[in-house]
Amino acid sequence: MLPDEKITVRSRLGFMGLGYLGSRIARRLVTAGFPMVVYDLDHTKAMELRAFGAEAAHHPGKLASEVDVVLSCLPDEHAVQTAYLGPGNVLGSAKPGTRIIELSTISPEASRQLHRAARQFNVCALDVAVSGSTPSAEAGALTLFGGGNRGVFEAAEAIFSAIAKQWFYMGPGGSGVAMKLVVNALLGVGMQAIAEAVALGSRLDLPRDLLLDTLAKTAVVAPAHLGKLATAKKHDYTPQFPVRLMRKDFGLILAAAAQCGFSMPATEAAAAITSEEAESGIEEDFSVVIRRMEQQAGVQKALPPAA
């Protein structure tokens, strides 16, 4: 693609990483009419997208060689580095002028490294961090934060409009993921604060259902947390944003703060609780800290240990 060329529904997309968010984002794009090639380490996930018209690639490098735009939504920095610079060989396989839209939550420095490496291959990279859970992804209602060349970011509007309700250009490479860390600091600390408040209310003899219903109608609960109150009411912690990923993000947040030379005591405390909960190995939503605090307060029985 030419440097200022806009992405259209005729642009051929490649998508790597078909997890909780990635699978839903990829499905939105292919049903919007984009020709698409998909890849995941779990080949059955790629096969599922074939039912919607996507092609499945057997290797990331093969995918990159066949498309105009590579998108990726991968679990961590190691997976990103492996795909682009390691055995996946995406950068080495991509045609000059290929666009990369990296959606994963990684550190700003790792993102900047990818930007620098992409330039060496005459490839344009964007870090476009995703805010929103699986229902938002299914509805095309995500929020996106972009870092990289502004013209390249604006040229990708056709992709963004298929998957998101709003998107923001934040600055040079690494700025998108930096904003995501800011947002997820509030998301994680806010969830822990809600968990403690709910446990306190129950200890003060407020009926649990009434407590949760009333709390949801107050101005102090952020929109991102509202749905968590409804599922917690049913003791339903089916993962929309798994607690293991919140633990990973807390690690990125605190590492970034340490590099800047300051402490985040409330975030550190919330991260410790989330990390303890993630240690169970059970795939549950990050809102499961509500149950944990209720158990600590003695208002809910602890679950038996995982087998």
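Placed above this text is the structure.
Reference entry: report on the structure contained in this document.

What counts and how
- Residues numbered from 1 in each chain as written.
- Predicted model: local features only at pLDDT ≥ 70, side-chain atom pairs only at ≥ 80, totals over all residues.
- Heavy atoms only, no water.
- Helix = DSSP H or I, 4+ residues; strand = E, 2+ residues; numbered from the N terminus.
- Contact = heavy atoms within 4.5 Å.
- Expected span 1.5 Å × (residues − 1).
- Buried < 20%, exposed > 50% of the residue type's maximum accessible area, 1.4 Å probe, protein only.
- Arc of directions from axis to C-beta.
- Salt bridge = Lys/Arg side-chain N within 4 Å of Asp/Glu carboxyl O.
- Patch = residues over 30% accessible without salt bridge, like charges linked within 9 Å, V, L, I, M, F, W, Y side chains within 5 Å.
- Areas by Shrake-Rupley, 256 points an atom, 1.4 Å probe, with all protein chains shown as cover.
- Pairing = 2+ DSSP bridges.
- Right-handed = clockwise from strand over helix to strand, strands pointing away.

### Things to note about the side chain of Asp249
Part 1: Summarising the element assignment, Asp249 is placed in helix 13 (residues 243-260).
Part 2: Among all residues touching Asp249, those that are not within four sequence positions of it are Thr105, Asn184 and Phe241.

### Here we look at helix 14 (residues 265-278)
Part 1: Look at helix 14: 20 Å from first C-alpha to last across 14 residues, which is about the 20 Å you get at 1.5 Å a residue.
Part 2: Regarding helix 14, the residues found buried are Thr267, Ala270, Ala271, Ile273, Thr274, Glu277 and Ala278. Across the axial projection of helix 14, the buried residues extend over an arc of 165°, all falling on one side.
Part 3: Residues of helix 14 that are buried sit in contact with helix 10 (175-203), helix 13 and helix 15 (289-296).

### A closer look at the environment of Arg99
Part 1: Among the structural elements, Arg99 can be located in strand 5 (residues 99-102).
Part 2: Measuring from C-alpha to C-alpha, the distance between Arg99 and Ala64 comes to 10.0 Å, with 35 residues separating the pair along the chain.

### A short note on the pattern of salt bridges
Part 1: Under the criterion given, the structure shown has 16 salt bridges.
Part 2: Ionic pairing is found between Asp249 and Lys248, a salt bridge with its closest N-O pair at 3.5 Å.
Part 3: Between Arg291 and Glu284 there is a salt bridge, and its shortest N-O distance comes to 2.9 Å. Summarising the burial analysis for this pair, Arg291 and Glu284 share the class buried.
Part 4: One salt-bridge network, in which partners are shared between bridges, spans Glu276, Glu277, Glu284, Arg291 and Arg292.

### Some points on a nonpolar patch on the surface
Part 1: A cluster of nonpolar side chains, Leu200, Leu204 and Leu206, forms an exposed patch at the surface whose accessible area comes to about 310 Å².
Part 2: Relative to the elements of secondary structure, Leu204 occurs in the loop between helix 10 and helix 11 (208-215).
Part 3: On the basis of relative accessible area, Leu204 is assigned to the exposed category, the value being 58%.

### Brief notes about unusual backbone geometry
Part 1: The residue Asn122 is not glycine, and still its phi comes out positive at about 60°.
Part 2: Looking at where Asn122 falls in the secondary structure, it is placed in the loop between helix 6 (108-120) and strand 6 (124-131).
Part 3: We note that Asp205 has phi near 70°; this positive angle belongs to a residue other than glycine.
Part 4: Within the secondary structure, Asp205 sits in the loop between helix 10 and helix 11.

### Re the pairing of strand 2 (residues 36-39)
Part 1: Residue alternation in strand 2 divides its side chains into two sets, Met36 and Val38 and Val37 and Tyr39, and both sets are buried.
Part 2: Where strand 1 (residues 13-16) meets strand 2, four bridges bridge the pair, whose relative direction is parallel. For Met16, the partnering residue across the bridge sits in strand 2 and is Tyr39.
Part 3: Tracing the backbone out of strand 1, into helix 1 (residues 20-31) and back to the parallel element strand 2 gives a crossover that is right-handed.
Part 4: Across two bridges, the pairing between strand 2 and strand 3 (residues 55-56) is parallel. Within strand 3, the position partnered with Val38 by the bridge is Ala56.

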